[in-house]
Amino acid sequence: MPAEVIYLDSVVLFTFSEYLLNPALANYLPMLKPIFTTIVGIFFCWQTAWSKDYVFDFNEQCQAAYKAILQLKLQEGIRLIELEKTQHPDNLIPYYLENYIDFFVLFFNEDQAQYKQRSPQREKRLAWMDKGPSGSPYYLFTKAVINFQWATIRIKFGDKWDAGWELRRSFLQIKECLNKAPHFEPAELYYGSMLVALSSIPDGYKWLGNLFGLKGNLKEGTRRMDAFVKNNRPLAKLYREEAVFYYCYLQFHVLNKKDAVLQFIQHQELDIERNHLFNYLSANLYLNNQQAEKAEAVLTKRQFYGGYMQSPVWDLEMGYALLYQLKPEAPKYLERFEKNFKGKFYLKDVLLKLSWWYYLQGNTNKADYYLKEVLKRGSTDTEADQQAQRYAQSGKYPSIDLLQARLLSDGGLHRKALIILQGKSAQAYDKIEEQLEFNYRIARICDELNMTEKALLFYELVRKQGTNRKEYFAARSALQVGMIYEDEKKWDKAKQAYQACLNMKNHEYKNALDQRAKAGLERIKLTGR
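The rules behind these values
Residues numbered from 1 in each chain as written. Predicted model: local features only at pLDDT ≥ 70, side-chain atom pairs only at ≥ 80, totals over all residues. Heavy atoms only, no water. 1 Å grid on protein atoms, 1.4 Å probe; cavity = no way out; pocket = protein on both sides within 12 Å on 5 of 7 lines; lining within 4 Å. Points joined across faces, edges and corners; volume = space filled by probe spheres on them. Helix = DSSP H or I, 4+ residues; strand = E, 2+ residues; numbered from the N terminus. Nonpolar A, V, L, I, M, F, W, Y, C, P; charged D, E, K, R; others polar. Expected span 1.5 Å × (residues − 1). Buried < 20%, exposed > 50% of the residue type's maximum accessible area, 1.4 Å probe, protein only. Contact = heavy atoms within 4.5 Å. Salt bridge = Lys/Arg side-chain N within 4 Å of Asp/Glu carboxyl O. pLDDT = per-residue confidence, 0-100. Phe/Tyr/Trp six-rings, centres within 6.5 Å; stacked < 30°, edge-to-face > 60°. Lys NZ or Arg CZ within 6 Å of the ring centre and 35° of its normal.

(A) Seen up close, empty space enclosed by the protein. Tallied over the full model, the rule gives 1 cavity of 30 Å³ or more. Of the voids in this model, the largest cavity is the one considered here, and its volume is about 50 Å³. Residue lining of the largest cavity: His253, Asn256, Leu479, Met483, Tyr498, Arg516 and Arg523, and that is the complete set. Among the elements of the structure, α27 (473-487) and α29 (510-526) are those that each provide at least two residues to the lining of the largest cavity. Residues belonging to the lining of the largest cavity are distributed by class as follows: 3 nonpolar, 2 polar and 2 charged.

This is the structure in structure tokens:
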């Protein structure tokens, strides 16, 4: 106990004794006794609080709570956390786990009122972690995770400056944790993930990484993550489900190992029925890999009972999966999403998709209504929303056959898309942007159907025609050419194509395409080329 507290204790007790022994107050003692009893009780509670030794005990009950939270069974997680607080009030792990609940609720639902309500908890939880033993690796690790999760949340709510600082704190805390405890596996997971993610920051955000001193390393990050997922020690096994989530996303988007990731998910036999986080992971990756039918199948397997977190995100994923198959149930899910979602990410994109759907059905009133809603709602934080905004500002609708082919191709129904475009040529369209899109759609369809030589011809045609235009077709064509040559191990041609993608300026999806092109160049570096 601090010396000043011991001194204050002595003064308080001395004052009480002097007061009670005063003969002039003898007649008042029965009346004053309850007051003194209360004061002494408070004093001893205060004294106990100062002397309490807090611990980081990731015991069985905390592990059960952690597992429930990762399955998005938040009610069960909360119940176990409160039980642990009651049974072991000196354990700090429950406060650390509470941050996971805030993270998932805010990340998926983007409710501004909830964000305002829950934001003060970050400082309170960090203060709780400060009470723990500084010699424990959890002392720095828990604070790093809390900062990392809040950095991600801040991005969702547009607080990018705070997000940058919190990500920097997290990065430095993880590094310090590993310096002090080199074999602490959970820190390896987070450090490896950060190194991979930061290795391909697009030029549009490079200033932010430089400002906050954040630099990635694809080779080192990949090595650490690969080692972690193969590690069978107790702590690595405890964090395995969280690791799978990060590992799959980074392998898919940064390392471009799409087929390998989907095979990994199947080989690991992830529980997509009872673990809603794995269900979301699988469905989302299938959608990003143009496999709408498989995404729909995954989403329909999700269990709906058991206290799972409620979120409009399920309507978003199912709406996209059905839209990319041109199924008539698609607008039901997308409209339910746009009515219930309180956030901004992808809202403009959903409204544009609804406009397109009704345009294809010949319902011009609803098509025009949703096109106008794009301009009124949501934000332009994501590049998909930026593109939706540009479409809405133009007030124009795309060619029906090109739109149908686009949606079907996005869902992986390439042969159906090809049938729609069969017998046509770019010259059938008056607008240059539609001529570009036609050639691009043919190239993408041929690419996906393993008609590589024909795909390359059309990609090159699009690159030549669209290099200086604002549409994304030329840059994406260059990216696809790079990936084809990378798969064929034609490293020099792949590098040239990726660099061509990076060299194109002021086009749609600039940051996203640059990130993928940079990741491609980083992968080639790993080969020693």
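(B) Region of interest: helix α22 (residues 383-394). In this model, α22 (12 residues) spans 17 Å end to end at C-alpha, consistent with the 16 Å of a helix rising 1.5 Å per residue. Listing the buried residues of α22 in full gives Glu383, Ala384, Asp385, Gln387, Ala388, Gln389, Tyr391 and Ala392. The inward-facing, buried residues of α22 abut α20 (347-360), α21 (364-376), α23 (400-410) and α29. A positive backbone phi angle near 70° is found at glycine 395, which sits one or two residues after α22.

(C) Main features of the pattern of salt bridges. Evaluated as defined, the whole model comprises 39 salt bridges. Between arginine 224 and glutamate 220 there is a salt bridge; the shortest N-O distance is 2.9 Å. Highlighted residues: arginine 224 and glutamate 220, both in helix α12 (residues 218-229), separated by 4 residues, approximately one helical turn. For glutamate 220, a relative accessible area of 24% translates into the label partly exposed. Glutamate 338 is the salt-bridge partner of lysine 339, the closest N and O atoms lying 3.5 Å from each other. Through salt bridges with shared partners, a single ionic network connects Glu82, Lys85, Glu98, Asp102, Arg118 and Arg125.

(D) Structural detail: the confidence of the model for the chain. On average, residues of the chain carry a pLDDT of 89, and 89% of them reach 70 or more. Every residue in residues 1-30 scores below 50 in pLDDT, and together they form 18 contacts with partners more than four places removed in sequence or on other chains. Note on residues 38-51: pLDDT under 50 across the span, and 11 contacts to partners over four residues away in sequence or across chains.

(E) Layout of the layout of surface pockets. When its volume is computed, the second largest pocket comes out at roughly 390 Å³. Surrounding the second largest pocket, 15 residues form its lining, Tyr391, Ser394, Glu433, Lys470 and Glu471 being those nearest its centre. Of all the secondary-structure elements, those providing two or more residues to the lining of the second largest pocket are α22 and α25 (432-448). In terms of residue count, the dominant contributor to the lining of the second largest pocket is α22 (4 residues). For the lining of the second largest pocket, the residue count by class is 4 nonpolar, 2 polar and 9 charged.

(F) Unusual backbone geometry, seen in detail. Here glutamate 110, not a glycine, exhibits a phi torsion of approximately 55°, which is positive. Given a relative accessible area of 5%, glutamate 110 falls into the buried group. The backbone of asparagine 450 shows a phi angle near 65°, a positive value even though the residue is not glycine. By secondary structure assignment, the location of asparagine 450 is in the loop between α25 and α26 (452-466).

(G) Looking closely at the packing of aromatic side chains. For the coordinates displayed, the defined rule picks out 43 aromatic pairs. Here tyrosine 359 and tyrosine 397 contribute two aromatic rings whose centre-to-centre distance is 4.5 Å and whose plane-to-plane angle is 10°, an arrangement assigned as stacked. Of this pair, tyrosine 359 sits in helix α20 while tyrosine 397 sits in the loop between α22 and α23, placing them 38 residues apart in sequence. Over the face of the ring belonging to tryptophan 128 we find lysine 131, whose NZ or CZ atom lies 5.5 Å from the ring centre. Taking NZ or CZ as reference, lysine 143 lies 3.8 Å from the ring centre of tyrosine 139, over its face.

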